[in-house]
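# Observations on the three-dimensional arrangement
Residues per chain, in single letters:
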Amino acid sequence: MELLPYKASDNEEIKQLFTKVFSDSEGEAEGRVIGNLTADIMTGTDTQDLYGFVATENKQIIGSIFFTRLRFQNRVNNAFLLAPVAIHTRYQGKGIGRRLINFGLDRLKENGVEIVFTYGDPHFYSKVGFTPISEKVVKAPFALTQPEGWLGQSLVSQEIKPIAGNAYCVKALNKPEYW
Ligand SMILES: CC(C)(COP(=O)(O)OP(=O)(O)OC[C@H]1O[C@@H](n2cnc3c(N)ncnc32)[C@H](O)[C@@H]1OP(=O)(O)O)[C@@H](O)C(=O)NCCC(=O)NCCS
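Residues numbered from 1 in each chain as written. Predicted model: local features only at pLDDT ≥ 70, side-chain atom pairs only at ≥ 80, totals over all residues. Heavy atoms only, no water.

### Some details on unusual backbone geometry
Using the following cut-off: Secondary structure elements are defined from DSSP: runs of H or I of at least 4 residues count as helices, runs of E of at least 2 residues count as strands, and each element is numbered from the N terminus. Any residue under 20% of the maximum accessible area for its type is buried, any over 50% is exposed, and the rest in between are partly exposed; the area is computed with a 1.4 Å probe on protein chains only.
Looking along the chain, the bond that leaves A83 and enters P84 is cis, with omega of -10 degrees. Assignment of secondary structure puts P84 in strand β4 (residues 79-87). Of note in the backbone geometry, N58 takes a positive phi value of approximately 50 degrees without being a glycine. Tracing the chain through its elements places N58 in the loop between β2 (50-57) and β3 (60-72). Residue classification places N58 among the exposed positions, given a relative accessible area of 71%. At K59, a position not held by glycine, the phi torsion is positive, near 70 degrees. By secondary structure assignment, the location of K59 is in the loop between β2 and β3.

This is the structure:
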């Protein structure tokens, strides 16, 4: 298995991967939503606001992850949001998701990113260093339907310091239904 940054020529294969994985886990409609979201992230996000990585096996993409910039009103934090991530259904539960996420976090850290947020299952993301955050400490871009899923980790210190003001995600994620 290889872990590497994604290329624009991977776009269609990555979209298909997300569509298939989320169709398998959450039904076809959700598969389409997440496939389209991933395509929007790849085509509609400035390169300085985007990191994407793939896991490959025999040149086939078996996993993928995206991180997009999260801006705050104070403009000082170098922050990104992890979403979405998928491992091919056949390859799940073998540690590939954990390795891909950690690979991505290491690349972001090398590039000076200070803090990473995500919105998902606290049980899973706690295995890769995320802890729950109160929206009073750091606001999410939208009102959250599941506030317990708002998670973060600092790449530069032990704890997450409060960040004042509103948070703004990239255009592809800027829809209340994703939150
Ligand atoms: C969630 C996902 C990315 C995890 O990747 P994976 O390769 O299957 O996970 P790993 O094998 O690396 O597991 C890492 C740890 O998380 C746990 N874990 C895996 N999937 C989990 C889940 N859905 N819920 C809770 N814990 C989970 C594993 O038990 C493992 O813990 P352990 O090492 O202590 O045993 C993958 O299963 C997937 O694509 N699922 C469908 C899409 C999805 O839900 N994406 C995440 C939301 S954006």
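### With respect to the pattern of salt bridges
Stated formally: For salt bridges, the criterion is a side-chain nitrogen of Lys or Arg within 4 Å of an Asp or Glu carboxyl oxygen.
According to the stated counting rule, one finds six salt bridges in the structure shown. Residues D24 and K20 are paired through a salt bridge, measuring 2.8 Å at the closest nitrogen-oxygen approach. Of this pair, D24 and K20 both sit in helix α1 (residues 11-26), separated by four residues, roughly a single helical turn. As a salt-bridge pair, E110 and R107 come within 2.8 Å of each other at their nearest N and O atoms. Pair noted here: E110 and R107 are both in helix α3 (residues 96-110), with a separation of three residues, about one helical turn. Among the residues examined, R107 registers a relative accessible area of 23% and is labelled partly exposed. One salt-bridge network, held together by shared partners, links D49, R69 and R71.

### Some thoughts on the pairing of β4
Our working rule: DSSP calls a pair of strands paired once it identifies at least 2 bridges connecting them. Orienting the strands away from the viewer, one traces the path from the first strand over the helix to the second; a clockwise path indicates a right-handed crossover.
Along β4, eight of the nine residues are buried, which leaves the element largely enclosed by surrounding structure. Direction of pairing for β3 relative to β4: antiparallel, over a ladder of seven bridges. Within β4, the position partnered with R69 by the bridge is F80. Examined bridge by bridge, β4 and strand β5 (residues 115-119) share four bridges and lie parallel to one another. Bridging across to β5, L81 finds its partner in F117. Since β4 and β5 lie parallel, the crossover through α3 that links them has a hand, and here it is right-handed.

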